[in-house]
Amino acid sequence: MDPVSRLAAAGIELPVPPEPLANYVPATRNGLLVHTSGQLPLREGQLLHRGKLGGDVTLEEGRECGRQAAVNALAAVAAVAGGLDRVAAVVKAVVYVASDPSFTAQPQVANGASEVLELAFGPRGRHARSAVGVAVLPLDAPVEVELVVELHP
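Calculation criteria
- Per chain, residue numbering runs from 1 following the sequence as it is written.
- Per-residue local features of the predicted model are confined to residues with pLDDT of at least 70, and side-chain atom pairs are confined, for both listing and counting, to 80 or more; whole-chain, interface and lining totals are unaffected and use all residues.
- Excluded from the side-chain calculation are hydrogens and water; included are all heavy atoms of the structure.
- Where helices and strands are cited, they refer to DSSP runs of H or I of at least four residues and of E of at least two residues respectively, numbered from the N terminus.
- Between N or O atoms, a polar contact is any pair within 3.5 Å; within protein, one atom must be a potential hydrogen donor and the other a potential acceptor, and residues adjacent in sequence are included only when both atoms are from side chains.
- The criterion used for residue contact is that any of the two residues' heavy atoms lie within 4.5 Å.
- Note on pairing: DSSP must find at least two bridges between two strands before they are called paired.
- By convention, orient the strands away from the viewer: a clockwise path from the first strand over the helix to the second makes the crossover right-handed.
- Three exposure classes are used, based on accessible area relative to the maximum for each residue type with a 1.4 Å probe and protein chains only: buried under 20%, partly exposed in between, and exposed over 50%.
- Each axis is a line fitted through C-alpha atoms, taken for helices only over the stretch in contact, and angles between the N-to-C directions span 0 to 180 degrees.

**What about the side chain of Q106?**
Moving on, step 1. Assignment of secondary structure puts Q106 in helix α3 (residues 106-121).
Moving on, step 2. Polar side-chain contacts of Q106 include one of 3.1 Å to the backbone oxygen of F103.
Moving on, step 3. Setting aside residues up to four positions removed in sequence, Q106 forms contacts with V97, S99, A131, V132 and G133.

In structure tokens form, the structure reads like this:
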């Protein structure tokens, strides 16, 4: 099955990439690599949740935000790559987690994003990853995801 069909079978529809919040583009292509800008957990123009993990946002809500931000990042990849079927491998994911100072489960939040990537691409979706706790993210989002993917020649 192709990545879009795999996502659809799980009830996930690839959206139009969200509009940038400032002066940048959602993704750029350089040769066979696509780098996304950080993508927020927006669905139909609205954040799924606001606030920090370990404060206003639960672990499961954070994982949900990670999943949605990864879906938005895939939409940005598809837009510049000519479709997700062009993706040979997910190289790296960086997941920023707005965190209360005592919150230390950033890797579990990031799993929400990683699971979407593996769902879409199978073994080609396994990737290197950083899960980084930060003080605040744009719009008071709890999670932001950026990707690097390699395309088929």
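**Some points on the pairing of strand β6 (residues 128-134)**
Moving on, step 1. Relative to β6, strand β5 (residues 87-98) runs parallel, the two sharing 7 bridges. Its bridge partner lying in β6, V95 is registered against A131.
Moving on, step 2. In this region the chain leaves β5, passes through α3 and returns to the parallel neighbour β6; the handedness of that crossover is right-handed.

**A word on the environment of Q46**
Moving on, step 1. Along the chain, Q46 turns up in strand β4 (residues 46-47).
Moving on, step 2. Under the relative-accessibility criterion, Q46 is labelled exposed at 52%.
Moving on, step 3. Put simply, Q46 and V95 are 49 residues apart on the chain and 19 Å apart in space, counted from C-alpha to C-alpha.

**Observations concerning the sheet that holds β6**
Paired through their backbone hydrogen bonds, the strands of a sheet run either parallel or antiparallel.
Moving on, step 1. Spatially, 5 strands are ordered β1-β2-β7-β5-β6 in an open sheet, and the strand pairing comes out mixed. The open sheet terminates on both sides in strands that have one partner only, identified here as β1 (27-30) and β6. Neighbouring strand axes in the sheet, compared pairwise and without regard to direction, differ in orientation by 15 degrees on average.
Moving on, step 2. Bridge analysis of strand β2 (residues 33-36) against strand β7 (residues 143-151) gives 3 bridges, and the strand direction is antiparallel. When the sheet's bridge partners are listed, V34 is paired in β7 with V149.
Moving on, step 3. Contacting β1, β2, β5 and β7, helix α2 (residues 59-81) runs over the sheet at an angle of about 40 degrees to β7.

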